[in-house]
Amino acid sequence: MLENKTVLVTGGTGSFGKKFIKKALEENVKKVIVFSRDELKQYEMKQEFKDERIRFFIGDVRDKERLNRAFDGVDIVIHAAAMKHVDACEYNPFEAIKTNIHGAQNIIEAAIDRGVEKVIALSTDKACSPVNLYGATKLASDKLFVAANSYVGDKKTRFAVVRYGNVVGSRGSVVPFFKNIKHTGVIPITDERMTRFWITLDQGVQFVLDNLERMQGGEIFIPKIPSMKVTDLAKAIAPECEIEIVGIRPGEKLHEAMIMEDDARHTVEFDDYYVIQPEFTWWKKEKHLEGKTLADGFAYTSDSNTEWLTIEQLKELVEEM
Ligand SMILES: NC(=O)c1ccc[n+]([C@@H]2O[C@H](COP(=O)([O-])OP(=O)(O)OC[C@H]3O[C@@H](n4cnc5c(N)ncnc54)[C@H](OP(=O)(O)O)[C@@H]3O)[C@@H](O)[C@H]2O)c1
């Protein structure tokens, strides 16, 4: 899929971006452009990735002019840049909207104007029935990317979304947090009933690559991934520690969801993923004909999942990281 293509990754210096770019370079990509704001992260990445096919662009997704310049000659855009911390988005709502929603609009407009072929935007389980602003901005972004296919006119640009849950070990995630705090002998957990989905960075990257191939334009792709109890994760990382229940935080859910009942009506299921199909008149299923429709009332949530990780499995996965 990436062979001989020019690929631009917004947020290319982040956890996802670096992993994706590593993989893209193995796949004989023609050129990869890293698009992000902070020059130090780019400088450090330059030291790590010594490959003449990489270009580094300083830029902000809030700046459409810069995106227009950066997208010149680009075939594929992976949009991973975001404000992604629930607390930061709650306390800086205007900033979250500028990056996650206005940024999405800028990506869409620049991609259409510059004749990019395919755009995949990364979404999160928090965008499904959101209770915090992070999730709400990502839901708005998902809606923009799906709707963008409506107004491409005769241009070849197509947009799709990939939505998944917590990425194990990504910057600021719960695994490094538990590891860093275990020396205190106490692991704080907000609620002992809490469950989360679990996906590794490698799986996330592979899922995006697979869907670049599969996408028709307008889909939200969701992988089938296991769930875990957050208390089990604490026991896997720090079995010797005491668990302290500190109470649910503002904007936090007890269980995450990826598909709710109302979306399930227009979702199709495959062996290892789901596709939420757009509800636009232009949607004519060309590619996902084999997908099964879902039972009435189906929801894909972290507590109703059929696949669960045990403490032992979590221990192994954390050690592998
Ligand atoms: N990590 C997870 O658990 C998880 C789960 C589901 C979905 N996702 C989604 O996956 C995507 C990637 O997440 P990640 O874990 O890789 O995040 P990350 O490690 O925090 O990286 C974010 C990247 O975005 C860049 N960035 C932030 N604001 C920007 C802006 N205004 N303009 C340009 N670049 C900007 C950052 O670099 P600079 O700061 O230098 O600009 C960095 O390269 C996000 O869209 C996130 O919502 C993540």
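Residues numbered from 1 in each chain as written. Predicted model: local features only at pLDDT ≥ 70, side-chain atom pairs only at ≥ 80, totals over all residues. Heavy atoms only, no water.

Digging into the sheet that holds strand S1 (residues 6-10)
Consideration 1: Read across the open sheet, the 10 strands follow the order S3-S2-S1-S4-S5-S6-S9-S14-S13-S15; overall the sheet is mixed. In this open sheet, the two strands that pair with only one neighbour each are strand S3 (54-58) and strand S15 (292-293).
Consideration 2: Relative to S15, strand S13 (residues 267-269) is paired through 2 bridges, and the arrangement is antiparallel. The residue bridging valine 268 from the neighbouring strand is threonine 293, located in S15.
Consideration 3: Sheet strands touched by helix H2 (residues 39-48): strand S2 (31-36) and S3. Its angle to S3, the strand with the most contacts, is close to 170°. (Pairing = 2+ DSSP bridges. Helix = DSSP H or I, 4+ residues; strand = E, 2+ residues; numbered from the N terminus. Contact = heavy atoms within 4.5 Å. Axes fitted to C-alpha atoms, helices over the stretch in contact; angles between N-to-C directions.)

A short note on the pattern of salt bridges
Consideration 1: Summed over all chains, the structure comprises 19 salt bridges.
Consideration 2: In this structure, the salt-bridge partner of arginine 196 is glutamate 256, at a minimum N-O distance of 3.6 Å. Of this pair, arginine 196 sits in strand S8 (residues 195-197) while glutamate 256 sits in the loop between strand S11 (242-245) and strand S12 (257-259), and the two are 60 residues apart along the sequence. Each of the two residues, arginine 196 as well as glutamate 256, counts as buried.
Consideration 3: In this structure, the salt-bridge partner of glutamate 312 is lysine 315, at a minimum N-O distance of 3.6 Å. Of this pair, glutamate 312 and lysine 315 both sit in helix H11 (residues 311-320), 3 residues apart, which is roughly one turn of that helix.
Consideration 4: In this structure glutamate 312 comes out as partly exposed when scored by relative accessible area, which is 48%.
Consideration 5: One continuous salt-bridge network, built from bridges that share partners, spans Asp125, Lys126, Arg196 and Glu256. (Salt bridge = Lys/Arg side-chain N within 4 Å of Asp/Glu carboxyl O. Buried < 20%, exposed > 50% of the residue type's maximum accessible area, 1.4 Å probe, protein only.)

With respect to the UniProt feature "domain: Polysaccharide biosynthesis protein CapD-like" (unreviewed entry) in the protein
Consideration 1: What UniProt calls "domain: Polysaccharide biosynthesis protein CapD-like" (unreviewed entry) maps, in this numbering, to residues 7-277.
Consideration 2: Helix makes up 39% of residues 7-277 and strand 23%, and the two end C-alpha atoms of the span are 25 Å apart. (UniProt positions renumbered as here; feature names shortened; annotations may be inferred.)

What to know about the environment of phenylalanine 221
Consideration 1: On the secondary structure map, phenylalanine 221 appears in strand S9 (residues 220-223).
Consideration 2: For the pair formed by phenylalanine 221 and leucine 67, sequence separation is 154 residues and the distance between their alpha carbons is 25 Å.
Consideration 3: When neighbours within four sequence positions are excluded, phenylalanine 221 is seen to be in contact with Ala160, Val161, Val162, Arg163, Phe207, Asn211, Arg214, Met215, Tyr273, Tyr274, Val275 and His288.

Points about the site of the ligand
Consideration 1: The environment of the ligand is formed by 28 residues, the closest being Thr13, Arg37, Asp38, Lys41 and Tyr134.
Consideration 2: One nitrogen or oxygen atom from the main chain of glycine 11 is found 3.3 Å from an oxygen atom belonging to the ligand.
Consideration 3: Take serine 15: an N or O atom from its main chain is 2.9 Å from an oxygen atom of the ligand.
Consideration 4: Only helix H1 (15-26), strand S5 (118-124) and helix H6 (133-148) provide two or more residues apiece to the shell around the ligand.
Consideration 5: With 3 residues, the single largest contributor to the shell around the ligand is S5.
Consideration 6: Class assignment of the residues belonging to the shell around the ligand gives a composition of 9 nonpolar, 12 polar and 7 charged. (Near = heavy atom within 4 Å. Polar contact = N/O pair within 3.5 Å; in protein donor to acceptor, adjacent residues only side chain to side chain. Nonpolar A, V, L, I, M, F, W, Y, C, P; charged D, E, K, R; others polar.)

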